[in-house]
Amino acid sequence: MNLVSIIIPVYNQEKYLKETLQSVINQSFSNWECVLINDGSVDDSVAIINEYLTQDNRFYFINSENKGVSNARNLALQ
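Residues numbered from 1 in each chain as written. Predicted model: local features only at pLDDT ≥ 70, side-chain atom pairs only at ≥ 80, totals over all residues. Heavy atoms only, no water.

Asks: Looking at this model, I keep getting lost on the sheet that holds strand S2 (residues 32–39). Mind explaining?
Replies: What the three strands build is an open sheet, ordered S1-S2-S3; its pairing is parallel. Each edge of the open sheet is held by one strand with a lone partner, namely strand S1 (4–10) and strand S3 (59–64). Sheet twist, expressed as the average angle between the axes of neighbouring strands with direction ignored, equals 20°. Contacting S1, S2 and S3, helix H2 (residues 45–55) crosses the sheet at an angle of about 155° to S3. (Pairing = 2+ DSSP bridges. Helix = DSSP H or I, 4+ residues; strand = E, 2+ residues; numbered from the N terminus. Axes fitted to C-alpha atoms, helices over the stretch in contact; angles between N-to-C directions. Contact = heavy atoms within 4.5 Å.)

This is how it looks when you write it as structure tokens:
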């Protein structure tokens, strides 16, 4: 079974982030990894990401200065 990589750029998304990450966890397909790229959030997005990092080892975290969504995606692809 192939591994599916999910890339989620995050910039000040505390309002929707838990719902988004829970939806990733709840998928019936289990062979995935999820790369979360914080793009300089100033809200509680990083705290929420840290919660999920401790719950599931398929989540990975990259912290970055705010450089835009394209840069965030490119970081994840590296």
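Asks: For this particular structure, what's the right way to read the environment of Val24?
Replies: Mapped onto the elements of the fold, Val24 is located in helix H1 (residues 14–25). The spatial distance from the C-alpha of Val24 to the C-alpha of Phe59 is 9.9 Å, given a sequence separation of 35 residues. Every residue in contact with Val24, bar those within four places of it in the chain, is listed here: Ile6, Ile8, Trp32, Cys34 and Phe59.

Asks: What should I look at first to understand the environment of Leu53 in this one?
Replies: In this fold, Leu53 is placed in helix H2. Overall, the relative accessible area of 26% leaves Leu53 in the partly exposed class. Placed 17 residues apart in sequence, Leu53 and Leu36 show a C-alpha to C-alpha distance of 9.8 Å. Once residues lying within four places of it in the same chain are set aside, the contact partners of Leu53 are Phe59, Tyr60 and Phe61. (Buried < 20%, exposed > 50% of the residue type's maximum accessible area, 1.4 Å probe, protein only.)

Asks: When you look at unusual backbone geometry in this model, what are you seeing that I'm missing?
Replies: Leaving glycine out, the prevailing phi sign among residues is negative, and the prevailing peptide bond configuration is trans. Despite not being glycine, Asn12 shows a phi value in the positive range, around 50°. Summarising the element assignment, Asn12 is placed in the loop between S1 and H1.

Asks: Please clarify how a nonpolar patch on the surface should be interpreted in this entry.
Replies: Together, Met1, Val4 and Phe29 line one region of the surface with nonpolar side chains, adding up to about 320 Å² of accessible area. With respect to the helices and strands, Met1 occurs in the segment before S1. (Patch = residues over 30% accessible without salt bridge, like charges linked within 9 Å, V, L, I, M, F, W, Y side chains within 5 Å. Areas by Shrake-Rupley, 256 points an atom, 1.4 Å probe, with all protein chains shown as cover. Salt bridge = Lys/Arg side-chain N within 4 Å of Asp/Glu carboxyl O.)

Asks: What should I look at first to understand H1 in this one?
Replies: Helical geometry: 3.6 residues make up each α-helical turn, so side chains three or four residues apart lie on a common side. With twelve residues, H1 should cover 16 Å at 1.5 Å per step; its first-to-last C-alpha distance of 17 Å lies within 8% of that length. Of all the positions in H1, only Leu17, Leu21 and Val24 are classed as buried. Buried residues of H1, seen end-on, are gathered within an arc of 55° and therefore sit on one face of the element. Turned more than 90 degrees off the buried face of H1, the exposed positions are Lys15 and Glu19. Those residues of H1 that are buried lie in contact with S1, S2, H2 and S3. (Expected span 1.5 Å × (residues − 1). Arc of directions from axis to C-beta.)

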